[in-house]
Amino acid sequence: LLLTAPFGRFVDDVAIVERIGHAPGLGVGGRIFVGWYCRNIGHVRESLEETERAYQLDVLNPMSANLVGLARMAAGRVAEAVPVFEDLMARVPDMSFPVANLLRARAFLGDWAAVERLLDPAAKHPLREFQDGVAFIRAKRDPTSENVGGIRSALEAHARKTGSVDVSRLVYAAHLGLVDEAYRTAEAARLGPRGAADDIMGPDGYRTGLLFHAGMPELRNDPRFVPLCARLGLVEFWLATGKWPDCVDEVPYDFRAESEKARHAPIQDFGF
């Protein structure tokens, strides 16, 4: 997953991905990478197809299992992701990724009893760097002004403190109704890591895949989504390749026209 930069160089990276995809005897690792990369450029259906193939090649591979669960969730097939995460938790109990992902899946299904079981301290499920995500789960379950306000305050405080923001924070905030706040934060902050101890970890840290999650369309349903994607290098990729994201005909505005307007918008310098 480290063969390509988190974002900003999609046009350059596509050649690497295509070489991997056409390699003779493409195995689990190659298919995992291709499927994961497709999700980052908004090709959610293709991502699911590739990731499912990788999973079927080796259902015991923890990485392919975790990523097929994420690909199913991104495609809106949340219920089908649950047994994958549950099996992974049983097989690799010290792995925090499946716990955090199962929490989100259960929340999107509205299975709050299961959420509480996962959060029960007695269960001792590891969340580690995903602990901050619990506030989102709580606010989704009970979107009171206090809970949603806490998400708003945390988003703004993090941006003030660090000068940066991960796109996942923007997606979660927008999903809770904080669309304007998410875009204001994005406009004032750096989109990416800063090389500090509290940078987000994991295969999706500072990646763009969550922008295209089927269950959280709020950010991309706003025309400001396209300029945001331009800063990330995605618009340059879509225009150069004609490989449009799945959402191109799903959003309530002319995605291609907005992309053309953003053609010359500068890509943020990410330092890698």
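Residues numbered from 1 in each chain as written. Predicted model: local features only at pLDDT ≥ 70, side-chain atom pairs only at ≥ 80, totals over all residues. Heavy atoms only, no water.

> Would you explain the packing of aromatic side chains in this entry?
In this description, a pair of aromatic rings is defined by centroid distance and the angle of the planes. Applying the stated criterion to the full structure yields 12 aromatic pairs. The interplanar angle of 20° and the centroid separation of 6.4 Å between the aromatic rings of F33 and Y37 together place this pair among those described as stacked. Of this pair, F33 and Y37 are both found in helix α2 (residues 28–40), four residues apart, which corresponds to roughly one turn of the helix. The class for F33 is buried, based on a relative accessible area of 5%. Members of the aromatic cluster, each reached through a chain of ring pairs, are F212, F225, W238, W244, Y253 and F255. Residue placement shows R256 over the ring face of W244; its charged tip is 5.5 Å from the ring centre. (Phe/Tyr/Trp six-rings, centres within 6.5 Å; stacked < 30°, edge-to-face > 60°. Helix = DSSP H or I, 4+ residues; strand = E, 2+ residues; numbered from the N terminus. Buried < 20%, exposed > 50% of the residue type's maximum accessible area, 1.4 Å probe, protein only. Lys NZ or Arg CZ within 6 Å of the ring centre and 35° of its normal.)

> I keep staring at helix α7 (residues 112–119) and nothing clicks. Help me out?
It helps to recall that an α-helix has 3.6 residues per turn; residues three or four apart then point in one direction. Buried within α7 are the following residues: W112, A114, V115, L118 and L119. Buried residues in α7, looked at end-on, bunch into an arc of 155°, giving them a common side. Taken together, the buried residues of α7 touch α5 (78–91), α6 (96–108) and α8 (133–141). (Arc of directions from axis to C-beta. Contact = heavy atoms within 4.5 Å.)

> Help me understand the packing of α2 against helix α3 (residues 44–57) in this model?
To describe two helices that pack against each other, one gives the angle between their axes and the distance between the axes. The geometry of α2 relative to α3 is characterised by a closest axis approach of 7 Å and an angle of 160° between their N-to-C directions. When the axis of α2 is compared with that of α3, the two are roughly antiparallel. The way α2 lies across α3 gives a crossing that is left-handed. Contacts between α2 and α3 involve V28, R31, I32, V34, G35, W36, C38 and R39 from the former and V44, E46, S47, E50, T51, R53, A54 and L57 from the latter. When its residues are assigned to classes, the contact of α2 with α3 shows eight nonpolar, three polar and five charged. (Axes fitted to C-alpha atoms, helices over the stretch in contact; angles between N-to-C directions. Parallel < 35°, antiparallel > 145°, perpendicular 65-115°, else oblique. Left-handed = near helix turned anticlockwise from the far one by under 90°. Nonpolar A, V, L, I, M, F, W, Y, C, P; charged D, E, K, R; others polar.)

> Would you take a moment to explain helix α10 (residues 167–175) for this structure?
Burial analysis of α10 places eight of its nine residues in the buried class, the great majority of the element. Where α10 is concerned, the buried positions are V167, S168, L170, V171, Y172, A173, A174 and H175.

> What exactly am I supposed to notice about the pattern of salt bridges here?
Any two side chains of opposite charge can pair if their charged atoms end up close together. Counted according to the given criterion, the structure contains 16 salt bridges. The closest approach of N and O atoms between R106 and D111, which form a salt bridge, is 3.1 Å. Residue D111 is classed as partly exposed on the basis of its relative accessible area, which comes to 25%. For E260, the salt bridge identified is with R263, shortest N-O distance 2.7 Å. (Salt bridge = Lys/Arg side-chain N within 4 Å of Asp/Glu carboxyl O.)

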